[in-house]
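Letter by letter, the chains look like this.
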Amino acid sequence: MSYNFDALSQLKGAPFVLGIDVGGTNTRVSLGTSDGSEYLFTTFEASTLPVLLSGLEAAGAELTKHITYPPSAACIDIAGPVFEEGEKAEITNYAGSREERIISKAMLPRSLFNPETTSIVNDLEACCYGILALAKTGRLPELFSPLWSDGKDDMKLRPVHYAVLSAGTGLGVGLLVKLPGMDFQVLPLEGGHGLISPGGKGSPDYDQEHKLLEFLGQKLYNGKHGPEWEDIVSGRGIQYCYEFLTRADDEEKKKNLSTADIVAAAFATPHSANAQDALLLHYKYLIRCSQGISVALQAKGIFLAGDNQVNNDKFVRTNSHVLHKEFLSHPKQAWVENVPVYAQHTKFNINLFGTLYVANYIASRGGAKK
């Protein structure tokens, strides 16, 4: 593991907080101060709980060699549900059984984490807090822009609810809730595990969709269930869509393409039509999922976040007219026709930024976020 010791010198003896973003393969540890400054301290590989805890222990040992005072607070985000009143969480994108993926505050090294001033949050919860922090500092336009707009959007959060979606290994969903007289509150959701609602027989793609959903239901659930949104809106979902589109082509089956291979083929010159169609299906279902959340939870704005969103930004914007039409296809069209959809176009670790926002909040309150 390597460390950014310049980050420690930047603190100049000031109080600091810790933000930790636990990804499926990499964990990032960052230091932050109350004025909003942030310094990446270290990044290390981990995809199992023992390796994660070992890496955090090593980071803590290195930190205490150079700083004699502990962090004022800490926040760590993970992919998966948080339970037992924030004391434990399951890291669902880690290897092992459920029991082997359960992390708790008690397991975290005391060199970095005081249980009384530490919070464990879901990764999309952290993303929501990151978007809130960006909005408060006027930085949203640096990272996001509307997929369709009349050009008058100032990218400032209005006093309404906002949904946040991020497609990666799975589909993360969260909600920024605005209550009267209060700041935005964050509600982590598991909207990616909702069952897909197919279009009616009069929809132009009905035949293909019916076959796709039947294909996925049989492949994934032996026909007992229909597919979830995440079964299409995820990395593996792109593979499933490509497999469906090329199911009659024996030569394509032999290639056993990865998600990265399919996306590369979609962007190649000349491009693969099947790869582009698979990627477009992925985004059409992302937009439909966001539409459903907007209607059900009365979210009046949508954020599509994450590195994959950035990587595919040109493709998404090229097909924004198709996605806009998909977004408006609902019996309650009037409820969504003025809902803006903002897509991330520039890379930035919003989750990590969100953990620092939460940690600074804890430090200002003198106790862990509940």
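Report on the accompanying structure. Remember, predicted model here, so these are calculated numbers, not experimental data. Within any chain, residue numbers begin from 1 and follow the written order of that chain's sequence. Thresholds applied to this predicted model are a pLDDT of at least 70 for local features of residues and 80 or more for the giving and counting of side-chain atom pairs; totals over whole chains, interfaces and linings are not thresholded and use all residues. Note that the side-chain values use all heavy atoms of the structure and ignore hydrogens as well as water.

What follows deals with the overall build of the protein chain. We count a stretch as a helix when DSSP gives it H or I for four or more residues in a row; a strand needs E for two or more, and each element gets its number in order from the N terminus. Of the regular secondary structure elements, the protein chain holds 14 helices and 14 strands. The globule rule used here is 2.2 Å times the number of residues to the 0.38 power, and the radius of gyration it is set against is calculated over C-alpha atoms. Here the C-alpha atoms of the protein chain give a radius of gyration of 21 Å, agreeing with the 21 Å that 2.2 N^0.38 yields for 370 residues. By its C-alpha atoms, the protein chain is 65 × 50 × 40 Å across when sized along the principal axes. Buried, partly exposed and exposed residues are distinguished by accessible area as a fraction of the type maximum, computed with a 1.4 Å probe on protein chains only: under 20%, between the cut-offs, and over 50%, respectively. Looking at the protein chain as a whole, 49% of its 370 residues qualify as buried.

The next point concerns the packing of helix H5 (residues 206–221) against helix H9 (residues 273–297). As a packed pair, H5 and H9 sit with axes 14 Å apart at the nearest point and diverge in direction by 90°. The angle between H5 and H9 places the two elements in the roughly perpendicular class. Of H9, the residues touching H5 (which contributes Gln208, Glu209, Leu212 and Leu213) are Leu281, Tyr285 and Arg288. Throughout this entry, Asp, Glu, Lys and Arg are counted as charged residues, while Ala, Val, Leu, Ile, Met, Phe, Trp, Tyr, Cys and Pro are counted as nonpolar. The remaining residues, Gly among them, count as polar. In the contact of H5 with H9, the residues fall into four nonpolar, one polar and two charged. In this description, a line fitted to the C-alpha atoms serves as the axis of each element, helices being fitted only across the stretch in contact, and the angle between N-to-C directions of two axes falls anywhere from 0 to 180 degrees. By the definition adopted for this analysis, an angle is roughly parallel if under 35 degrees, roughly antiparallel if over 145, roughly perpendicular if from 65 to 115, and oblique otherwise. Whether two residues are in contact is decided by their heavy atoms, any of which lying within 4.5 Å being enough.

Within the element layout of this structure, His330 appears in the loop between helix H12 (320–328) and helix H13 (333–336). Considering only alpha carbons, one finds His330 and Glu190, 140 residues apart in sequence, at a separation of 22 Å. When sequence neighbours within four positions are dropped, the list of residues in contact with His330 reads Gln291 and Val295. Within the local environment of His330, its side chain forms a polar contact with the backbone nitrogen of Lys332, the two atoms lying 2.8 Å apart. Between N or O atoms, a polar contact is any pair within 3.5 Å; within protein, one atom must be a potential hydrogen donor and the other a potential acceptor, and residues adjacent in sequence are included only when both atoms are from side chains.

Strand pairing in a sheet relies on backbone hydrogen bonds, with the paired strands running either antiparallel or parallel. Taken together, the five strands give an open sheet; going across it, the order is S3-S2-S1-S4-S8, and neighbouring strands pair in mixed fashion. Across the chains shown, the open sheet's two edge strands, defined by having one partner strand only, are strand S3 (38–45) and strand S8 (118–122). Going from strand to strand, the sheet's axes swing by 15° on average, the running direction of each strand aside. Contacting strand S1 (17–22), strand S2 (26–32), S3 and strand S4 (74–78), helix H2 (residues 49–66) runs over the sheet at an angle of about 140° to S3. Across the sheet, helix H3 (residues 123–136) is in contact with S4 and S8; its angle to S8 comes to roughly 100°. Paired strands, as defined in this entry, are two strands with at least two bridges between them according to DSSP.

Turning our attention to the side chain of Ser294. Considering the arrangement of structural elements, one finds Ser294 in helix H9. A polar contact of 2.7 Å, which involves the side chain of Ser294, links it to the backbone oxygen of Ala299. What Ser294 contacts, discounting residues up to four positions off in sequence, is Ala299, Ile302, Val336 and Val339.

With their axes 7 Å apart at the nearest point, H3 and helix H14 (residues 350–365) run at an angle of 80° to one another. Classified by the angle their axes make, H3 and H14 are roughly perpendicular. Across the interface between the two elements, Asp123, Ala126, Cys127, Tyr129, Gly130, Ile131, Leu132, Ala133, Leu134 and Lys136 of H3 pack against Ile350, Asn351, Phe353, Gly354, Thr355, Tyr357 and Val358 of H14. Residue classes in the contact of H3 with H14 are distributed as 11 nonpolar, four polar and two charged.

Now for the environment of Asp231. Looking at the secondary structure, you find Asp231 in the loop between H5 and helix H6 (235–245). Between the alpha carbons of Asp231 and Asp207 there is a distance of 19 Å; along the sequence they are 24 residues apart. Polar side-chain contacts of Asp231 include one of 2.7 Å to the side chain of Tyr221.

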